[in-house]
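Report on the structure
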Amino acid sequence: MTNEQLQQYVEQLSLDVFALPFRHKAVFNGRLRTTGGRYFLTDHHLDFNRRYVTDIKTFRGIVIHELCHYHLHLTGRGHRHQDQDFKDWLLRYGGLRYSPRLEGDEKKLHQYECHKCGTLYRRKRKMNPEKYRCGKCRGKIFYKSS
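Values in this document were obtained by computation on a predicted structure and should not be read as measured data. Numbering of residues begins from 1 in every chain and follows the order in which that chain's sequence is written. Under the rules for a predicted model, residues below a pLDDT of 70 receive no local features and side-chain atom pairs below 80 are neither given nor counted, while totals for whole chains, interfaces and linings still include all residues. Remark: hydrogens and water are excluded; side-chain values derive from all non-hydrogen atoms of the structure.

Looking now at the confidence of the model for the protein chain. Looking at the protein chain, the pLDDT average stands at 92 and 98% of residues meet or exceed 70. Each residue carries a pLDDT score, the predictor's own confidence in it, on a scale running from 0 to 100. Numbered from the N terminus, helices here are DSSP runs of H or I no shorter than four residues, and strands are runs of E no shorter than two. Strand 6 (residues 141-145) is the least confidently modelled element of the protein chain, averaging 90 in pLDDT, while strand 1 (residues 26-28) averages 96, the highest of any element.

Before going further, it helps to spend a moment on the nonpolar core. For this analysis, a nonpolar core means a set of buried residues of the types Ala, Val, Leu, Ile, Met, Phe, Trp, Tyr and Cys, connected via side-chain atoms within 4.5 Å. Only protein chains enter the accessibility calculation, which uses a 1.4 Å probe. A residue is then buried if its area is under 20% of the maximum for its type, exposed if over 50%, and partly exposed in between. By size, the foremost hydrophobic cluster in this structure holds 24 residues, and its most contacted members are Val-10, Leu-46, Phe-48 and Leu-67. Going through the elements one at a time, helix 1 (3-18), strand 1, strand 3 (46-48), helix 2 (56-74) and helix 3 (84-93) are the ones with two or more residues in this core. Take this core: its biggest share by element is 8 residues, from helix 2. Residue contacts follow a heavy-atom distance rule, with two residues in contact if any of their heavy atoms lie within 4.5 Å. If we skip the residues at most four places from it in the chain, Leu-46 touches Val-10, Phe-22, Lys-25, Ala-26, Val-27, Arg-38, Tyr-39, Glu-66 and Leu-67.

To continue, consider the pattern of salt bridges. Between side chains of opposite charge, a pair can form as their charged atoms come close. Salt bridge, as used here, is a side-chain nitrogen of Lys or Arg placed within 4 Å of a carboxyl oxygen of Asp or Glu. Throughout the structure, instances matching the rule amount to 4 salt bridges. Where Arg-38 meets Asp-47, a salt bridge forms, and the shortest distance between an N and an O atom there is 3.3 Å. What makes Arg-38 partly exposed here is its relative accessible area of 34%. The salt bridge partner of Asp-85 is Arg-77, with a shortest N-O separation of 3.9 Å. Judged by relative accessible area, Asp-85 falls into the partly exposed class, the value being 27%. Owing to a relative accessible area of 38%, Arg-77 belongs among the partly exposed residues under this scheme.

Here it is in structure tokens:
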């Protein structure tokens, strides 16, 4: 899907779902990693993550999510994630609340285990097990795997 096709898709989806026109720009942003899309309050354009296009149902939910931000903000209503207007619109129009994790985005977890009681600890960041003890039995901790 090109940026022109994305623009047409967003404009058509806005008319079909919200019955409101989308009059700004929609583009793919290659720098997006953990999110499906972004709405910019200043110039009202939308950025989308190209990696979500492969699953059209998920991508449609992401586009509807960003269009909820867009239309609510332009009408002066609650456009932030915690606002009730935004939550209501997501339910009504079928937008996704969160972008699902993509394949290959799983974080590497480091596993540590207690010598005494066998309690497993999982950490995002590596740590020095010599400096810490088990929180349950005060036993020594050793590095198991990542």
